[in-house]
Amino acid sequence: MGKLYCFELDEEKGIFFVKVSGFFKEEDAKIYLSEFQTIVNTINPSRYKLIIDGRGQEEVASQVVDDITFVLKLYSMANFKKIIIINPSSSTSRMQVENCVRNIIFPGIFVDSIEEAYSSAG
């Protein structure tokens, strides 16, 4: 099985694009966190807008929901210029993310399409 995520850094446009899809297990979430943090440590996040494409993310097991909350906090703490999350297409997955956001102070915005995300990124 292939990777459940990919990272693209567009220095010219000042966008750090992350695409997540599939069914994340606990070990997948931990590897994702590690790789995400490694990249963030090599850039100045305040120069970038973070776009997370979560359209393909599937519902996660209950023990992985805490990892979603942690990831959302990590996005916030990294101090990106702007955080834009494209909602998961799955209504259950979308509800899981929305429930996680309710538990934290999250400065990002949620949109429904990639076009809307890039438009919001300005």
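How each quantity is defined
- Residues numbered from 1 in each chain as written.
- Predicted model: local features only at pLDDT ≥ 70, side-chain atom pairs only at ≥ 80, totals over all residues.
- Heavy atoms only, no water.
- Pairing = 2+ DSSP bridges.
- Helix = DSSP H or I, 4+ residues; strand = E, 2+ residues; numbered from the N terminus.
- Axes fitted to C-alpha atoms, helices over the stretch in contact; angles between N-to-C directions.
- Contact = heavy atoms within 4.5 Å.

**Student:** Would you mind going over the sheet that holds strand E3 (residues 49-57) with me for this structure?
**Tutor:** Strand-to-strand pairing in sheets goes through backbone hydrogen bonds, with the strands running parallel or antiparallel. If you trace the five strands from one edge of the open sheet to the other, you get E1-E2-E3-E4-E5, paired in mixed fashion. The open sheet has two edge strands with one neighbour each: strand E1 (5-10) and strand E5 (109-111). For this sheet, the mean angle separating the axes of adjacent strands, direction not counted, is 20°. Bridge count between strand E4 (residues 82-86) and E5: three bridges; the pairing is parallel. From the neighbouring strand, Ile86 faces E5, where its bridge partner is Val111. Where helix H2 (residues 62-77) meets the sheet, its contacts fall on E3 and E4, and the angle it forms with E4 comes to roughly 145°.

**Student:** Would you take a moment to explain the pairing of E1 for this structure?
**Tutor:** Within a regular strand, side chains alternate between the sheet's two faces. Strand direction decides the pairing type here: E1 and strand E2 (residues 15-22), joined by six bridges, are antiparallel. Counterpart to Tyr5 in the pairing with E2 is Val20. Between E1 and E2, which pair antiparallel and follow one another directly, the connecting turn spans four residues, one of which, Gly14, has a positive phi of 70°.

By themselves these figures say nothing about function.
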